[in-house]
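Residue-level structure breakdown
Given next are the chains, with one letter for each unit.
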Amino acid sequence: MAATDVGIKITAVDQASAVLQKVAAEAGALSTSVGNTVSSFKGLAAVGIGASVAAIATGFAASVRDAINLADSFNKLSQKTGIAVESLSQLNYAAGLSDVSTDALATGLKKLNVAISGAANGSKEQAALFKALGVSVRDASGNVLSADKVFSQLATKFSESADGAEKAAGGNAIFGKTFTDLIPLLNTGAKGLSDLGTEAKKLGIVM
């Protein structure tokens, strides 16, 4: 593995792990507390009291658990791809509005990261592929770009390309079979992704 790739992953861990470990710990405590509350309400529901409140508490507990699981999955994906958790949560928001699942997004980003690593570390085939698409995997200083930055460039290129065999060939070469699932998100374009990321921040749902 090249030094640049190691640097990317270490940076991601530094940025995400400490914060998300604290979030997970606090959320875990909250989940336990909510679970106890739900049990109490279920006891009341058994005697015909508080049934509707018990249902609300149960739904809240499920939401807390979902948030914990999502935070954990973003933390792991951040370490694998070098993408900051904040950027992942923004992309996931945009993906949801494009009917693209979190799993499809994660799979696509991991495949993209492999392609970037190949192009940056001497794979002529991968380098030629990005060059043909007019996409750079390095910044002006020669540093390897994170997958979300390259994804943004690809979104611009694919959003401007007509659907067809050529577009499918380029997309499949980078994302594999996941490309089909990612098309609605990529067609949003870089500006669309940026705007949705800003919207996610305003809504307070960015980790």
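Before reading further, recall that the structure is shown in the block above.
Residues numbered from 1 in each chain as written. Predicted model: local features only at pLDDT ≥ 70, side-chain atom pairs only at ≥ 80, totals over all residues. Heavy atoms only, no water.

1. What to know about the overall build of the chain
For the chain, the count of helices and strands is nine helices and zero strands. When the helices and strands of the chain are read in sequence order from the N terminus, they spell out α-α-α-α-α-α-α-α-α. Element-wise, carbon and sulfur atoms account for 57% of the exposed surface of the chain, whose accessible area totals about 10,900 Å². (Helix = DSSP H or I, 4+ residues; strand = E, 2+ residues; numbered from the N terminus. Areas by Shrake-Rupley, 256 points an atom, 1.4 Å probe, with all protein chains shown as cover.)

2. Focus: the nonpolar core
Counting residues in each nonpolar core, the largest one holds 38 residues, and the members touching the most others are L112, F130, F151, L154, F175 and L186. Secondary structure elements with two or more residues in this core: α3 (85–97), α4 (102–120), α5 (124–133), α6 (147–159), α7 (165–175), α8 (179–186) and α9 (189–203). When residues of this core are assigned to their parent elements, the largest contribution, nine residues, is made by α4. Those residues in contact with F130 that lie beyond four places of it in its chain are L112, A115, I116, A119, V135, V137, V150 and I174. (Core = buried A, V, L, I, M, F, W, Y, C linked by side-chain atoms within 4.5 Å. Buried < 20%, exposed > 50% of the residue type's maximum accessible area, 1.4 Å probe, protein only. Contact = heavy atoms within 4.5 Å.)

3. Thoughts on the packing of aromatic side chains
Under the counting rule described, the total for this entry stands at three aromatic pairs. A ring pair is formed by F158 and F179, whose centres lie 5.2 Å apart and whose planes are at 50 degrees; its orientation type is tilted. Taken as a pair, F158 in helix α6 and F179 in helix α8 lie far apart in primary sequence, 21 residues in all. Under the relative-accessibility criterion, F179 is labelled buried at 3%. A centroid spacing of 6.4 Å and a plane angle of 10 degrees characterise the contact between F175 and F179, whose relative ring orientation is stacked. Note on F175: relative accessible area 0%, which makes it buried. By the ring-pair criterion, three or more aromatic residues cluster together here, those being F151, F158, F175 and F179. (Phe/Tyr/Trp six-rings, centres within 6.5 Å; stacked < 30°, edge-to-face > 60°.)

4. Focus: unusual backbone geometry
In this structure, D99 takes a positive phi of about 60 degrees despite not being glycine. By secondary structure assignment, the location of D99 is in the loop between α3 and α4. Judged by relative accessible area, D99 falls into the exposed class, the value being 73%.

5. Things to note about α9
Between its first and last C-alpha, α9 extends 21 Å over 15 residues, near the 21 Å set by a 1.5 Å rise per residue. Along α9, the positions that sit buried rather than exposed are G189, G192, L193, L196, G197 and A200. Mapping the buried residues of α9 onto a view down its axis gives an arc of 135 degrees, with all of them on the same face. Opposite the packed face of α9, turned more than 90 degrees from it, sit the exposed residues K191 and K202. Looking at the residues trailing α9, positive phi occurs at G204, about 75 degrees. (Expected span 1.5 Å × (residues − 1). Arc of directions from axis to C-beta.)

6. Some words on α3
Along an α-helix, residues three or four apart share an orientation, since each turn contains 3.6 residues. With 13 residues, α3 extends 19 Å from end C-alpha to end C-alpha; this agrees with the ideal 18 Å at 1.5 Å per step. Most of α3 is tucked away: ten of the 13 residues are buried. Every buried residue of α3 is listed here: V85, S87, L88, S89, Q90, L91, N92, Y93, A94 and A95. Looking at the residues trailing α3, positive phi occurs at D99, about 60 degrees.

7. Focus on the packing of α6 against α8
Interhelical geometry of α6 versus α8 gives an angle of 85 degrees and a closest axis separation of 9 Å. Viewed along their axes, α6 and α8 adopt a mutual orientation that is roughly perpendicular. Contact residues: α6 offers F151, L154, A155, F158 and S159, while α8 offers F179, L182, L185 and L186. Across the contact of α6 with α8, the residue classes tally to eight nonpolar, one polar and no charged. (Axes fitted to C-alpha atoms, helices over the stretch in contact; angles between N-to-C directions. Parallel < 35°, antiparallel > 145°, perpendicular 65-115°, else oblique. Nonpolar A, V, L, I, M, F, W, Y, C, P; charged D, E, K, R; others polar.)

8. Here we look at the packing of α5 against α7
Viewed as axis vectors pointing N to C, α5 and α7 meet at an angle of 140 degrees, and their least axial separation amounts to 11 Å. Here α5 lies oblique to α7, going by the angle between them. When you trace α5 past α7, the crossing you get is left-handed. Across the interface between the two elements, L129, F130 and L133 of α5 pack against G170, A173 and I174 of α7. Residue classes in the contact of α5 with α7 are distributed as five nonpolar, one polar and no charged. (Left-handed = near helix turned anticlockwise from the far one by under 90°.)

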